[in-house]
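# Tertiary structure, described
The primary structure of each chain is shown beneath.
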Amino acid sequence: MDHLDRLRCFVAVADTQSFAAAARRIGCSAPAATRAIAALEQRLGVQLFQRSTRSVRMTAEGERFQLDCRRILADLDESEMALTSAQAEPAGLLSLTAPTMFGRLFVAPPAMDFMQRHPRIRMKLLLVDRVVPLLDEAQDLAVRIAHLPDSGLTAVPVGAMRRVIVASPDYLARAGEPMTPGELAGHRIVAGYFDGQGMTPWRFREGSQALTPTLMVNDNASAIAAAVAGVGLVRCQLYQAVEALQRGELRIVLANHEIPAAPVHIVHAAGRRVPATLRLLLDFLTERLRAQPVLGGDAFMR
């Protein structure tokens, strides 16, 4: 036996407390198992088992060593399984959730590309503007745009998202561009409200600013459309206004007064042992999202 086989033999003897039973488990003779343990003990310079005609019991050194052996062998088995799975065509159902507009712009396109590359993959996309509990709603991955609380989830950072104030060039030409948060009181404001809540104060590096809205709307896309139409100023996540900014229909104001960008993560509940197919999707989305300028934290800075 080589050294790895001796380790497997050692764990088998520890499990069965019998050289004969361990030999049957790993497919060798009882004398071969006895010689393997003796060789392992000679190599380590410690006695791993106390032997008698009736029993085999681990020593204190054996107890400590078997914990490391099990971890090493489990990691090796996992690596072999992952490599074997990687050679096979990925298949099965994967589920993914993200904020509605962010998902439409930046998650759905790479998800479709992933499915084109792996035709046996089926996908379920849940695009909603709420925090989706992964385990409760059977979701494999989620995109979160926020500072994350401590939890049992594993988070992979993919970038940062600014919260910006935007208005149309036409509105700014008519009303003037605010240069400080204090000047917002004289402007028309478009505000979002959700879950029956009123407008919350707009936060800046210097503090919060309570404002009276001209228009309140419970849909982010409609708020952006109102800003494009020249109704007033809107505060939103950068990605929500990115298309209108790229077309020149909106401009960012008060950029130097913004609060720090919020971190963006892909989260999952699989821990360290991520299934091979899910790992493929996680790595693919991570690469694609990190390449998005809007997640760089300084996109559209003036």
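The structure presented is a predicted model; accordingly, all values stated were derived computationally and were not measured.

### Regarding the overall build of the chain
Looking only at helices and strands, the chain features 9 helices and 14 strands. For the chain, the C-alpha radius of gyration of 29 Å lies well beyond 19 Å, the compact-globule estimate for 302 residues. Working note: accessible area of the chain is about 16,200 Å², and carbon and sulfur atoms make up 51% of it.

### Side note on helix α5 (residues 100–117)
Side chains of residues three or four places apart in an α-helix project in the same direction, reflecting 3.6 residues per turn. Given a rise of 1.5 Å per residue, 18 residues ought to cover 26 Å, and the 24 Å separating the end C-alpha atoms of α5 matches this to within 8%. Maximum bend of α5: about 45°, positioned at Val-107, with proline Pro-109 one to four residues after it.

### Some remarks on the pattern of salt bridges
According to the stated counting rule, one finds 12 salt bridges in the structure shown. The shortest N-O distance in the salt bridge between Arg-25 and Asp-15 comes to 2.9 Å. In this pair, Arg-25 sits in helix α2 (residues 19–26) while Asp-15 sits in helix α1 (residues 3–16), placing the two residues 10 residues apart along the sequence. The residue Glu-41 makes a salt bridge to Arg-51 at a minimum N-O spacing of 2.9 Å. Residue Glu-41 is found in helix α3 (residues 30–44), and its partner Arg-51 is found in strand β1 (residues 49–51); the two are separated by 10 residues along the sequence. Arg-51 gets classed as partly exposed once you look at its relative accessible area, which sits at 38%. Through salt bridges with shared partners, one network takes in Asp-15, Arg-25 and Arg-70.

Cut-off values and rules
- Residues numbered from 1 in each chain as written.
- Predicted model: local features only at pLDDT ≥ 70, side-chain atom pairs only at ≥ 80, totals over all residues.
- Heavy atoms only, no water.
- Helix = DSSP H or I, 4+ residues; strand = E, 2+ residues; numbered from the N terminus.
- Rg over C-alpha atoms; globule rule 2.2 N^0.38 Å.
- Areas by Shrake-Rupley, 256 points an atom, 1.4 Å probe, with all protein chains shown as cover.
- Expected span 1.5 Å × (residues − 1).
- Bend = angle between axes of the 7 residues up to and from the residue.
- Salt bridge = Lys/Arg side-chain N within 4 Å of Asp/Glu carboxyl O.
- Buried < 20%, exposed > 50% of the residue type's maximum accessible area, 1.4 Å probe, protein only.

Just distances and angles here, no functional claims.
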